[in-house]
Amino acid sequence: MAAMLEAYIAIGLGAALVAFVVVAGALLYVAKIPTVTLTIQTKLGPLQIGDVPDPSAVAAAAVRALALLALGLTGGKLLEVGLKERREAKREAEAASYYQQYVYQQY
């Protein structure tokens, strides 16, 4: 029974982590990256380039995306382990019940 409980906890944690990553990823995808005007000094004078994505915002979004990727992989692994443990616990419980039925039929 304890193995089945541990399996359900792992499944729940994995599902919660994957759901969080999906929602956070969708919000990151929908978020608008601010634009800035870059001024570059040249020998001919200052050159302004407008509507360029803010480099610090792009870097922060990239780091956030990598962190979400790591969390998503962790959640997926928790789901995999939880489902495997549940399957094994169920198989052991069925084998034990078959064994008990066989022993009781002998007497």
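As shown above, the structure is provided for reference.
Just so we're clear, the structure is a prediction, and the values are computed from it rather than from any experiment.

*Asks:* What is the right way to read a negative patch on the surface from this model?
*Replies:* On the surface, Glu6, Glu85, Glu88 and Glu92 cluster together into a negatively charged patch. Tracing the sequence through the fold places Glu92 in helix 2 (residues 55-106). Residue Glu92 is classed as exposed on the basis of its relative accessible area, which comes to 57%.

*Asks:* I would appreciate a short explanation of the pattern of salt bridges in the present structure.
*Replies:* Pairing is possible between side chains that carry opposite charge, provided their charged atoms lie close to one another. Counted by the stated rule, this structure contains 1 salt bridge. For Lys77, the salt bridge goes to Glu80, with nearest N and O atoms at 3.5 Å. Taken together, the residues span about one helical turn, with Lys77 and Glu80 both in helix 2 at a distance of 3 residues.

*Asks:* What's the story with unusual backbone geometry in this structure? I'm lost.
*Replies:* Glycine aside, negative phi is the norm for most residues, and most peptide bonds take the trans geometry. Its identity as a non-glycine residue notwithstanding, Asp51 has a phi of 55°, on the positive side. Mapping Asp51 onto the fold places it in strand 2 (residues 45-53). On the accessibility criterion, Asp51 (65% relative accessible area) is exposed.

Cut-offs applied
Within each chain, residues carry numbers counting from 1 in the order of the written sequence. Whole-chain, interface and lining totals are the exception, using all residues; otherwise, since this is a predicted model, local features are given only for residues with pLDDT of at least 70 and side-chain atom pairs are given and counted only at 80 or more. The side-chain quantities take in all heavy atoms of the structure and omit both hydrogens and water. Patch rule: a residue counts if its relative accessible area is over 30% and it has no salt bridge; like charges are joined within 9 Å, and nonpolar side chains (Val, Leu, Ile, Met, Phe, Trp, Tyr) within 5 Å. Each accessible area value is a Shrake-Rupley result obtained with a 1.4 Å probe; residue values ignore everything except the protein chains displayed when judging cover. Any carboxyl oxygen of Asp or Glu within 4 Å of a side-chain nitrogen of Lys or Arg constitutes a salt bridge here. Think of it this way: Lys and Arg go in the positive column, Asp and Glu in the negative one, and His and the chain ends go nowhere. Note on charges: their place is set at NZ of Lys, CZ of Arg, CG of Asp or CD of Glu. Runs of H or I in DSSP of at least four residues are treated as helices and runs of E of at least two as strands, each being numbered from the N terminus. With a 1.4 Å probe rolled over the protein chains alone, any residue whose accessible area is under 20% of its type maximum counts as buried; one over 50% counts as exposed, and the rest are partly exposed.

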